[in-house]
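Coordinate analysis (summary)
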Amino acid sequence: MSLAAPYSIVIHGGAGTILRDKMSAEVESDYRRVLSSAVKAGHAVLAQGGTSDDAVIKAILVLEDSPLFNAGHGAVFTHEGTVELDASIMRGDDLNAGAVTGVKRVRNPILLAQQVMLNSPHVMLMGQGAEDFAKLQGLELVDNSYFHTERRRRQLQRVIDSNQAVAASEDSSDEFEVQKFSTVGAVALDQQGNITAGTSTGGMTNKRYGRIGDSPVIGAGTYADNQACGISATGHGEYFIRAAVAHDICARVKYQGIDLRTAADAVINDKLIQMGGDGGIIGIDPKGNVVYTFNTPGMYRASIDTSGHLDVQIFR
Ligand code: ASP
């Protein structure tokens with residue numbers, strides 16, 4: 001009798017100062033509902049024997065299309081009042097990867113990152129060129145206003161009023177989120193034993209000068225290696241780039257022979273804290289063990305583990 005191959009999925013919708021006593025039951029249930037439908041959409045792909053790439057994409061599409069998260073529709077505004085999106089995806093078997101940055105018209109940037117991975121010799125495309133490539137691949141393009149929401153416009157105004165040239169922390173007009181990084185991401189292990197990780201974001205409120213965070217940077221916001229783990233990060237991108245967070249966690253697992261939880265803890269709760277960087281990660285190891293690690297009061301997160309157990313959480 002052969003044992004069925006394990007499969008699992010974990011997602012995040014950003015980390016930050018997300019406070020239980022400030023969040024209404026209604027808002028909390030909205031977040032829980034979308035997190036759970038995203039993780040279930042990805043899990044259904046895995047249960048049918050589909051690939052981890054497809055599972056990650058399916059989950060992220062739900063989060064990009066929801067106005068609640070800082071990705072796709074509902075992403076944060078730049079200083080100029082536009083939305084500029086970043087996304088990346090990586091596979092753990094052949095270490096193939098795709099990323100896009102500064103796209104303004106691609107409805108679902110994670111789909112474009114996937115096309116870069118599968119149908120181009122490149123890893124990262126930016127701005128107009130990335131959009132030309134999206135058109136060639138037949139992806140849906142929309143007007144930038146499709147991404148805009150009133151809630152994010154208020155956030156931009158508050159950050160501008162508080163005179164932060166680049167918002168180090170996303171100062172929210174929603175009381176339950178004092179500071180947050182509500183990028184989205186997903187990591188999945190499929191029944192063929194492949195791990196895929198993906199991340200999608202609008203970056204930081206009030207960003208300017210073409211600022212790019214960690215989310216589209218392979219090794220910083222996203223990394224996958226079947227000999228170690230898959231990681232998607234969320235947090236203050238400048239620190240995540242400097243600490244090469246996603247790759248560092250995988251490298252510790254691979255070369256130090258430690259487990260994913262211990263490696264993630266060392267990077268997020270020790271190295272990053274010493275540097276002053278806020279945020280967290282989600283990850284999966286080759287056995288399908290799921291990990292969430294963050295150094296902030298909350299992180300929107302959900303998983304369905306190898307036993308099929310659904311977990312949806314927001315606060316610490
Ligand atoms: N890491 C993202 C960035 O710095 C922000 C986030 O996680 O929300 O662009």
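What you see is a predicted model, and the numbers here were worked out from it, not measured in a lab.

What counts and how
- Counting starts from 1 at the beginning of each chain's written sequence and moves along it residue by residue.
- Where totals are concerned, whole chains, interfaces and linings use all residues; where local detail is concerned, this predicted model gives features only for residues with pLDDT of at least 70, and gives and counts side-chain atom pairs only at 80 or more.
- Heavy atoms from the whole structure form the basis of all side-chain values; hydrogens and water molecules are not counted.
- Two aromatic rings, drawn from Phe, Tyr or Trp (for Trp, its six-membered ring), form a pair once their centres lie within 6.5 Å of each other, and the interplanar angle then sorts them: stacked below 30 degrees, edge-to-face above 60, tilted otherwise.
- Numbering of helices and strands runs from the N terminus, with a helix taken as a DSSP run of H or I at least four residues long and a strand as a DSSP run of E at least two residues long.
- The rule is simple: take the accessible area with a 1.4 Å probe, protein chains only, and divide by the maximum for that residue type; under 20% is buried, over 50% is exposed, in between is partly exposed.
- Here a cavity is any set of points on a 1 Å grid over the protein atoms alone where a 1.4 Å probe fits but cannot get out, and a pocket is any open set with protein on both sides within 12 Å along at least 5 of 7 lines; a residue lines the site when it has an atom within 4 Å of a point.
- Grid points are joined across faces, edges and corners, and a volume is the space filled by probe spheres set on the points.
- In this classification, the charged set is Asp, Glu, Lys and Arg, the nonpolar set is Ala, Val, Leu, Ile, Met, Phe, Trp, Tyr, Cys and Pro, and all remaining amino acids, among them Gly, are polar.

**A word on the packing of aromatic side chains**
Evaluation of the coordinates by the stated rule reveals four aromatic pairs. With a centroid separation of 6.0 Å and an interplanar angle of 85 degrees, the aromatic rings of Phe69 and Tyr300 are classed as edge-to-face. Placement of the pair is Phe69 in the loop between helix H2 (52–65) and strand S2 (85–91) and Tyr300 in strand S13 (residues 298–304), with a sequence separation of 231 residues. Overall, Phe69 belongs to the buried group, its relative accessible area being 0%. Given the relative accessible area of 0%, Tyr300 is considered buried. Between Tyr146 and Phe147, the aromatic rings sit 5.1 Å apart at their centres with planes inclined by 75 degrees, giving edge-to-face as the arrangement. Overall, the relative accessible area of 0% leaves Phe147 in the buried class. Taken together, Tyr31, Phe69 and Tyr300 form an aromatic cluster joined through their ring pairs.

**Remarks on unusual backbone geometry**
Note: most residues except glycine have negative phi, and most peptide bonds are trans. The phi dihedral of Leu95 is positive, around 60 degrees, even though this residue is not glycine. Phi at Ala244 is positive, roughly 40 degrees, even though this residue is not glycine. Tracing the chain through its elements places Ala244 in the loop between helix H6 (237–242) and helix H7 (245–256).

**Remarks on the layout of surface pockets**
Of the pockets and cavities examined, the largest pocket occupies roughly 170 Å³. Contributing to the lining of the largest pocket are 13 residues, with Glu84, Thr101, Gly102, Met126 and Gly127 lying nearest its centre. Here the lining of the largest pocket is composed, by residue class, of two nonpolar, five polar and six charged.

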